[in-house]
Protein chains: 2
Amino acid sequence: MSIKHFTTSDLAAMPRFTRTALVNSLSGFKSANLIGTKSRVGVENLAIFSSAVHIGADPALLGIVFRPVTADRKTSRHTYENIKETGFFTLNHVHTSIVEAAHQTSANYPDNASEFETVGLTPQYIPNFSAPFVQESAIKMGLEYVEEYVIKANNTIFLIGKIVEILLPEHCLDVHGNLDLNAAQTVTVSGLDTYHTATEITRLPYARPK
Amino acid sequence: MSIKHFTTSDLAAMPRFTRTALVNSLSGFKSANLIGTKSRVGVENLAIFSSAVHIGADPALLGIVFRPVTADRKTSRHTYENIKETGFFTLNHVHTSIVEAAHQTSANYPDNASEFETVGLTPQYIPNFSAPFVQESAIKMGLEYVEEYVIKANNTIFLIGKIVEILLPEHCLDVHGNLDLNAAQTVTVSGLDTYHTATEITRLPYARPK
């Protein structure tokens, strides 16, 4: 097996898009979630994110990485602005039958357009929660803004949200709290644009010294 | 399809392990990486993490979530301490044939034990980089500590590293910089303990308004 070795200077010398594709693949498989928000004046926004990461279970916290607010992709910036304006957002798993629609939310639509409408997904509201869920998603959460950190190294924003609502299909949940993401057909992403289904290979017990 | 709806108070009322399993499943599929470090006095450490997240491509940055340094799991705390002491660490993809060994690194071994040795993985060194790689891993990176943020909400630490070395099998990389994680047999994790292989369903073009 032939091994390629890249150093910092090799990365710097790569064409920008090659470097972006490569580095986006290096962390491994990523989550695929649609973030639903609504601006203070009522414009809904929907955007795909692959950066949701578990922060803690009690309280239930997730972190999301946002590109610098000056970045060109409006849909991600609108998501951030709406969360800051309203304090609430939803996280909706992308599953196999909505992959194309979910990916299409990353296009640069006009400021007053709802990505729900343009990509053909349905906003869903529940009592006492202001942000729109994706009706077509199986596993979805409502979150409340908690805090954020500006990453000095590149001005990305790491935003922390608290999970306050969870909606999921009963058949995906076992008595121990484990969620069967494959039964929900949740997908995973690699790099910038490649979507995958998963197949369970093993569940391992809590590790103790042998 | 019957839908379960949990709110903040339902989560608070759950048994601790049920809540932990459920909330750990909610972000979706996660990356599975082994972090290799060496203490200043030369003790190697290896620990599995599912929290690596892409931060930026230029410079090439990753973020990792560490539990509070007071947490019970020594292997994760040793990883953090070694990174702070030496400034360097490696990130090594977990693939199908090392899943059991990788998971076993999360057991509480004595302070002076090397998880490489106890789980049966091989430390690998390259010139001019002090932290150990996992020889058995196909895709691996050497990183330099950049900065960290203490998440006020629960005292976890979000640590940023810069990718300075990349080692990967040439057959996994295409001319556009895309890495085929399935060809490398990289696995993905759900919840606390369930490992999966992935199968590509589609690669989608850069999205533009239709």
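Each remark here, short or long, concerns the structure printed above.
In this report, we go over the structure that sits alongside the text. (Residues numbered from 1 in each chain as written. Chains lettered and ligands numbered in written order. Predicted model: local features only at pLDDT ≥ 70, side-chain atom pairs only at ≥ 80, totals over all residues. Heavy atoms only, no water.)

### Notes on the relation of the copies chain B and chain A
- Under the fitted operation, chain B is carried onto chain A by 0.0 Å of movement along the axis and a turn of 180°, and the coordinates agree to an RMSD of 0.0 Å. Look at the turn and shift together and you get a two-fold axis relating the two. Of every C-alpha in chain B, the one belonging to B:Ala198 sits nearest the axis of rotation, 2.1 Å from it.
- Residue by residue, 100% of the interface of chain B is reproduced at the interface of chain A, so both copies engage with the same surface. (Least-squares fit on C-alpha atoms with pLDDT ≥ 70 in both. Contact = heavy atoms within 4.5 Å.)

### Things to note about the packing of aromatic side chains
- As enumerated under the stated definition, the model contains ten aromatic pairs over all chains in all.
- Here the aromatic rings of B:Phe129 and B:Phe133 are separated by 5.6 Å at their centres, their planes lie at 45°, and the arrangement is tilted. Assigned by exposure class, B:Phe129 and B:Phe133 land together as buried.
- The rings of A:Phe49, A:Phe66 and A:Tyr80 are connected pair by pair, giving a single aromatic cluster. (Phe/Tyr/Trp six-rings, centres within 6.5 Å; stacked < 30°, edge-to-face > 60°. Buried < 20%, exposed > 50% of the residue type's maximum accessible area, 1.4 Å probe, protein only.)

### A look at helix H2 (residues 16–26) of chain A
Residues and elements named next belong to chain A.
- Among the eleven residues of H2, eight are classified as buried, and the element is accordingly described as predominantly covered.
- Taken residue by residue, H2 has Thr 18, Arg 19, Ala 21, Leu 22, Val 23, Asn 24, Ser 25 and Leu 26 as its buried positions.
- At the C-terminal side of H2, Gly 28 shows a positive phi close to 105°. (Helix = DSSP H or I, 4+ residues; strand = E, 2+ residues; numbered from the N terminus.)

### Here's the deal with the interface of chain B and chain A
- Counting residues at the interface gives 103 residues for chain B, matched by 103 residues for chain A.
- When the two sides are added together, the surface that chain B and chain A hide from each other amounts to roughly 9000 Å², 62% of it contributed by carbon and sulfur.
- The interface formed by chain B and chain A includes four salt bridges.
- Of the charged contacts, one joins A:Asp193 and B:Arg203 as a salt bridge, the two residues approaching to 3.4 Å between their closest N and O atoms. (Buried area = accessible area lost by both parts, 1.4 Å probe. Salt bridge = Lys/Arg side-chain N within 4 Å of Asp/Glu carboxyl O.)

### Quick look at the sheet that holds strand S2 (residues 30–31) of chain A
- The strand order S2(A)-S12(A)-S13(A)-S13(B)-S12(B)-S2(B) describes an open sheet built from six strands, whose pairing is antiparallel. The open sheet is flanked by S2 of chain A together with strand S2 (30–31) of chain B, the only strands paired with a single partner.
- Sheet topology places S2(B) next to strand S12 (residues 188–190) of chain B; two bridges connect them, and they run antiparallel. For B:Lys30, the partnering residue across the bridge sits in S12(B) and is B:Val189. (Pairing = 2+ DSSP bridges.)

### Remarks on unusual backbone geometry
- The peptide bond linking A:Asp58 to A:Pro59 adopts the cis configuration, its omega dihedral lying at 5°.
- As for its position among the elements, A:Pro59 is in the loop between strand S5 (53–57) and strand S6 (60–66).
- You will see that B:Asn155, though not glycine, has its phi angle at about 65°, which is positive.
- Structurally, B:Asn155 is set in the loop between strand S10 (140–150) and strand S11 (157–169).
- A positive phi angle, near 60°, is found at B:Gln185, a position not held by glycine.

### Some remarks on empty space enclosed by the protein
- According to the stated counting rule, one finds three cavities of 30 Å³ or more in the structure shown.
- In this structure, the largest cavity spans a volume of roughly 100 Å³.
- Together, 17 residues line the largest cavity, and A:Ser31, A:Ala52, B:Lys30, B:Ser31 and B:Ala52 are the ones closest to its centre.
- Counting only elements with at least two residues in the lining of the largest cavity, the list comes to S2 and S5 of chain A together with S2 and strand S5 (53–57) of chain B.
- Of the residues contributing to the lining of the largest cavity, the split by class is six nonpolar, nine polar and two charged. (1 Å grid on protein atoms, 1.4 Å probe; cavity = no way out; pocket = protein on both sides within 12 Å on 5 of 7 lines; lining within 4 Å. Points joined across faces, edges and corners; volume = space filled by probe spheres on them. Nonpolar A, V, L, I, M, F, W, Y, C, P; charged D, E, K, R; others polar.)

### A closer look at the side chain of B:Thr156
- Relative to the helices and strands, B:Thr156 is located in the loop between S10 and S11.
- If sequence neighbours within four positions are ignored, B:Thr156 has contacts with A:Ile55, B:Val65, B:Phe66, B:Arg67, B:Pro68, B:Tyr149, B:Val150 and B:Ile151.

### Remarks on the pairing of strand S3 (residues 33–38) of chain B
All names here are of chain B.
- Taken across its six residues, S3 has five buried, putting it largely inside the fold.
- Two strands pair when backbone bridges link them, and S3 and strand S4 (residues 44–49) are joined in this way by six bridges, in the antiparallel orientation. Counterpart to Asn 33 in the pairing with S4 is Phe 49.

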